[in-house]
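This is what each chain is made of:
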Amino acid sequence: MRRASLTSFFHDVGASVIADVTQLLRPREYPAGAVIVRRGERGDCMYFIASGEVEVRLRPESLYRGPGYFFGELALLTGDPRNATVVAVRQCTLLRLDIVDFRQLLGRQPELARIIRSEAELRREAATV
């Protein structure tokens, strides 16, 4: 199963999409141990990991992800509450994309929307296995 990362994300789209996305991302720093999102809360943004490592606490096990990985898109696409708690394992720089910008971006960039929806579907299927 192919996992989307920031690198593959940008590799699969054109320069205009990259320019569009980068203008909307806001860097945020999180120290080790910081809770970034909590299972059950409303999703108002998604994140791309620029540096560091996070633990995605899913049931029954956790996943560890580093630079290039993105998370939080599923809650934005479905409107459902967050399905995992994400904690910084090490100091992290995350790039935040707010829900309003996310929706506008998907409307303007259909290829980007396809990539994000495809990854979200893979994650949803993996979570129900």
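As shown above, the structure is provided for reference.
Computed from a prediction, not measured in an experiment: that's the story for all the values here.

Note on aromatic pairs: each is described by the distance of the centres and the angle between the planes. Using the criterion set out here, one finds three aromatic pairs in the structure. Pairing Y30 with Y47 gives two aromatic rings, centres 6.3 Å apart and planes at 85°, and the pair type is edge-to-face. With Y30 in strand 1 (residues 26-30) and Y47 in strand 3 (residues 45-51), the pair connects residues that are 17 residues apart, well separated along the chain. The pair formed by Y30 and Y47 is uniform in burial state, with each residue classed as buried.

Turning next to the pattern of salt bridges. Applying the stated criterion across every chain yields a total of five salt bridges. Note that D44 and R96 form a salt bridge whose closest N and O atoms lie 3.6 Å from each other. Remark: R96 occurs in strand 8 (residues 92-98) and D44 occurs in the loop between strand 2 (35-37) and strand 3; sequence separation between them is 52 residues. Classification of D44 by relative accessible area gives partly exposed; the value is 29%. One salt bridge in this structure joins R96 and D98, with 2.5 Å as the shortest N-O distance. Residue classification places R96 among the buried residues on the basis of a relative accessible area of 14%. D98 gets classed as partly exposed once you look at its relative accessible area, which sits at 28%. Salt bridges sharing common partners tie together D44, R82, R96 and D98.

Reading the values: the criteria
- One numbering rule holds for all chains: residues counted from 1, following each sequence as written.
- With pLDDT at 70 or above as the cut-off, local features in this predicted model cover only qualifying residues; side-chain atom pairs require 80 or more to be listed or tallied, and sums for whole chains, interfaces and linings still use all residues.
- Derived side-chain values reflect all non-hydrogen atoms in the structure, with water molecules and hydrogen atoms excluded from consideration.
- Paired rings are identified among Phe, Tyr and Trp, the last through its six-membered ring, by centres lying within 6.5 Å, and are further divided according to the angle between planes into stacked (under 30 degrees), edge-to-face (over 60) and tilted (the rest).
- By definition, any uninterrupted DSSP run of H or I lasting at least four residues is a helix, any uninterrupted run of E lasting at least two residues is a strand, and each is numbered from the N terminus.
- For every residue, the accessible area (1.4 Å probe, protein chains only) is compared with the maximum for its type, and the residue is labelled buried under 20%, exposed over 50%, or partly exposed between those bounds.
- Throughout this description, the term salt bridge denotes a Lys or Arg side-chain nitrogen within 4 Å of a carboxyl oxygen of Asp or Glu.

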